[in-house]
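The primary structure of each chain is shown beneath.
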Amino acid sequence: MQPHSLGPQRYPGPRRFAGPPTSFIVITVALIQVVGTLSAASHQDAPRPLDALAFLLLLAGPAALAFRKRKPALMLPVALVATGTYLWLGYAWGPIALSLALSIILTASAGLRWQAWWGAGIAAGSVVLASALAGDDNWPLRASAGVAWAAILVVLGEGFRRRRDRFAEYRRRREEARKAERDEYRLTLARDIHDVVAHSLSMINVQASVALHVGADDPEKLRPALEAIKAASKESLTEVRQLLGVLREDVPLAPAERPSLTRVPELVKNAELGGLTVTLLDNANHQDAGPAQQEAAYRIIQEALTNVGRHSGARSAVVRLDSGDTALTVRIDDDGTGMGGALPGNGLTGMRERATALGGTLTLHGLQPGLRVEAILPATPHTEGTLP
């Protein structure tokens with residue numbers, strides 16, 4: 001049985017930085033604009049003193065930032081109107097433009113690219129017009145600086161948006177990888193449970209049938225059948241407990257012994273107890289076969305012999321193991337009726353999946369009479385680890 005106790009692995013990655021809370025941004029910007037403007041006004045001779053309308057406009061821009069997640073399209077228009085009205089009415093100059101700058105950045109970051117560029121263009125145009133009308137000799141320099149800053153703000157917002165999109169794509173791919181790993185993990189558990197339970201219950205059923213058949217006529221034959229039932233049920237219970245323990249994190253598991261080629265004779269003996277004559281031809285070099293190859297070979301032989309005993313009506317079977325330079329070949333022949341037109345079940349699917357997981361193949365060949373199950377398990381570097 002495969003060591004599942006570690007469970008699916010985790011995929012550590014960069015943590016997403018979602019930024020400060022919206023309430024923190026709104027309060028901070030409002031304090032900066034109000035306190036900063038009050039401080040600046042004390043050193044200016046503004047055409048119009050600060051009044052209730054001025055403070056309302058100073059707070060309107062920061063308040064618009066509260067919509068950055070729910071309705072981001074409202075931020076920039078409100079901030080533009082509030083900032084433009086404040087400056088047009090002739091109030092003292094201060095950090096009034098902070099909320100407008102953040103609105104441009106957050107609008108672009110929200111994916112409203114054209115709205116951000118339009119807002120930045122209106123703000124830049126207003127700076128150029130105001131500089132030209134002021135009659136300052138350096139107005140071209142001031143206008144150029146305003147236009148550049150407007151463009152920089154949009155580019156910053158675009159950068160934040162791309163960074164957020166990259167994080168979203170990373171999280172999506174990580175979740176897909178986790179889901180694929182969980183699916184493969186569940187598939188592996190289901191395959192192991194099927195192999196253990198199907199094989200053991202099949203042998204128990206056969207031996208119980210033998211016991212019922214010979215019990216009345218020859219009581220001496222009851223003992224081997226009952227011993228086989230006892231051994232099969234004990235082994236099945238042990239492996240099922242280990243498998244079910246994986247599903248409960250509060251159950252500590254002892255390291256499970258992985259099936260290997262050295263245990264194949266046990267499979268042969270169990271099959272013979274069910275009345276099947278089995279010949280084992282082991283020509284494989286056990287030292288050259290990796291743990292994953294040996295486990296796959298064991299499970300394939302186990303399932304194949306189970307199917308022979310349950311479905312084919314065969315009297316004899318031959319299990320052959322051969323190892324070459326690049327692969328381990330497993331072949332199980334029987335003299336039964338073959339598939340008999342039956343559709344492949346979970347057992348055959350599980351055998352093919354085990355071979356495919358190692359980069360190998362599993363094929364069925366009709367015999368006269370009988371069926372041949374042949375698996376080729378390559379000896380590649382990745383086969384030395386745990387089967388998926």
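The rules we used
- Residues numbered from 1 in each chain as written.
- Predicted model: local features only at pLDDT ≥ 70, side-chain atom pairs only at ≥ 80, totals over all residues.
- Heavy atoms only, no water.
- Core = buried A, V, L, I, M, F, W, Y, C linked by side-chain atoms within 4.5 Å.
- Buried < 20%, exposed > 50% of the residue type's maximum accessible area, 1.4 Å probe, protein only.
- Helix = DSSP H or I, 4+ residues; strand = E, 2+ residues; numbered from the N terminus.
- Axes fitted to C-alpha atoms, helices over the stretch in contact; angles between N-to-C directions.
- Parallel < 35°, antiparallel > 145°, perpendicular 65-115°, else oblique.
- Left-handed = near helix turned anticlockwise from the far one by under 90°.
- Contact = heavy atoms within 4.5 Å.
- Pairing = 2+ DSSP bridges.

Ile301, Val330, Ile332 and Leu377 are the most contacted members of the largest nonpolar core, which has 34 residues in total. Mapped by element, the contributors of at least two residues to this core are α8 (264-273), α9 (291-312), β2 (316-323), β3 (327-334), α10 (346-357) and β5 (371-378). Per element, the largest residue contribution to this core is 9 residues, and it comes from α9. Listed in part, the 15 residues of the second largest apolar core include Leu100, Ile105, Ala120 and Leu153.

Okay, the packing of helix α3 (residues 75-88) against helix α4 (residues 97-109) next. Where α3 contacts α4, the axes come no closer than 9 Å and their chain directions differ by 160°. With respect to each other, α3 and α4 are oriented roughly antiparallel. When the axes of α3 and α4 are compared, the crossing they make is left-handed. Of α4, the residues touching α3 (which contributes Met75, Leu76, Ala79, Leu80 and Thr83) are Ala97, Ser99, Leu100, Ser103, Ile104, Leu106 and Thr107.

Another aspect to go through is the sheet that holds β5. Spatially, 5 strands are ordered β1-β2-β3-β5-β4 in an open sheet, and the strand pairing comes out mixed. With partners counted over all chains shown, the strands left at the sheet margins are β1 (277-283) and β4 (361-366), one partner each. Within the sheet, the average angular offset between the axes of one strand and its neighbour, ignoring direction, is 10°. In the sheet, β4 pairs with β5 via 6 bridges, with the strands oriented antiparallel. Bridge pairing in β5 places Leu362 opposite Ala375.

So far we have only geometry, and geometry alone does not tell us how the molecule works.
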